[in-house]
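# Secondary and tertiary structure notes
Here is what each chain is made of, one letter per residue.
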Amino acid sequence: LLDVLVAADRWLMPDLHAEAQYQIMMGIKFFVRPDNVEGVKKVAGMANATELRNYCEQYGALNAQAVLLTNAAN
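It should be emphasised that the depicted structure is a prediction, and the values quoted were computed from it without experimental measurement. (Residues numbered from 1 in each chain as written. Predicted model: local features only at pLDDT ≥ 70, side-chain atom pairs only at ≥ 80, totals over all residues. Heavy atoms only, no water.)

## Structural notes on a nonpolar patch on the surface
Short version of the rule: Like charges are joined within 9 Å and nonpolar side chains (Val, Leu, Ile, Met, Phe, Trp, Tyr) within 5 Å, but only among residues with over 30% relative accessible area and no salt bridge; these make up the patches. For the area figures, the Shrake-Rupley method with a 1.4 Å probe applies, and any residue is considered shielded solely by the protein chains shown. Only one rule defines a salt bridge in this text: a Lys or Arg side-chain nitrogen within 4 Å of an Asp or Glu carboxyl oxygen. Numbering of helices and strands starts at the N terminus; helices are DSSP runs of H or I of at least 4 residues and strands are runs of E of at least 2.
On the surface, Leu-1, Val-4, Trp-11, Met-13 and Leu-16 cluster together to form a nonpolar patch covering roughly 520 Å² of accessible area. Position of Leu-16 among the secondary structure elements: in helix H2 (residues 14–26).

Encoded structure:
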């Protein structure tokens, strides 16, 4: 879905962009984890997915220790 989100933004397909972002947000609790939140946030920024980027920023702030530990392990 992240690839679809980026492609929809790049190809100026606002309906598809909105639907992809909506689908990601619906499953966000299963999709975003400490080990991938930074990558998802980066893609969200590239795709102009404000709602997803904001969620990732909040998730990272609320789970800062887990994110740091995961990034340090990699």
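## Regarding the nonpolar core
This is how it is decided: Nonpolar cores were defined as sets of buried Ala, Val, Leu, Ile, Met, Phe, Trp, Tyr and Cys residues, with membership established by side-chain atoms within 4.5 Å. Partly exposed describes any residue whose relative accessible area lies between the buried limit of under 20% and the exposed limit of over 50%, with all areas from a 1.4 Å probe on protein chains only and scaled to the type maximum. Any two residues having at least one pair of non-hydrogen atoms within 4.5 Å are treated as being in contact.
Ranked by size, the top nonpolar core spans 18 residues in total, and within it Leu-5, Val-32 and Leu-52 carry the most contacts. When contributions to this core are tallied by element, the ones reaching two or more residues are helix H1 (2–10), H2, helix H4 (37–46) and helix H5 (50–62). Broken down by element, this core gets its largest block of residues, 4 residues, from H4. Leaving out residues up to four positions away in the same chain, Leu-5 has contacts with His-17, Ala-20, Gln-21, Ile-24, Ala-47, Ala-49 and Leu-52.

## Points about the environment of Phe-31
Counting through the fold element by element, Phe-31 comes out in helix H3 (residues 28–31). The exposure class assigned to Phe-31 is partly exposed, which follows from its relative accessible area of 30%. As a C-alpha pair, Phe-31 and Val-6 span 25 residues in sequence and 17 Å in three-dimensional space. Other than its neighbours up to four places away in sequence, Phe-31 contacts Leu-2, Ile-24, Asn-36 and Val-40.

## Considering the confidence of the model for the chain
Condition: As a per-residue measure, pLDDT reflects the predictor's confidence and takes values from 0 up to 100.
When pLDDT is averaged along the chain, the result is 94, and 99% of the positions lie at 70 or above. Confidence, expressed as mean pLDDT per element, reaches its minimum in the chain at H3 with 87 and its maximum at H1 with 97.

## Considerations on the packing of H1 against H2
The condition that has to hold: Fitted lines through C-alpha atoms serve as axes, helices being fitted only where they are in contact, and the angles separating the N-to-C directions of these axes extend from 0 to 180 degrees. Throughout, the term roughly parallel applies to angles under 35 degrees, roughly antiparallel to angles over 145, roughly perpendicular to angles from 65 to 115, and oblique to all others. Crossing handedness is defined as follows: a turn of the near helix away from the far one that is anticlockwise and smaller than a right angle gives a left-handed crossing, while the clockwise case is right-handed. Throughout this entry, Asp, Glu, Lys and Arg are counted as charged residues, while Ala, Val, Leu, Ile, Met, Phe, Trp, Tyr, Cys and Pro are counted as nonpolar. The remaining residues, Gly among them, count as polar.
Close contact between H1 and H2 brings their axes to 8 Å; oriented N to C, the two are set at 155°. Between H1 and H2, the interaxial angle falls into the category roughly antiparallel. Crossing handedness for the pair H1 and H2: left-handed. Across the interface between the two elements, Leu-2, Val-4, Leu-5, Ala-8 and Asp-9 of H1 pack against Leu-16, His-17, Ala-20, Gln-21 and Ile-24 of H2. When the residues that make up the contact of H1 with H2 are grouped by side-chain class, the tally is 7 nonpolar, 2 polar and 1 charged.

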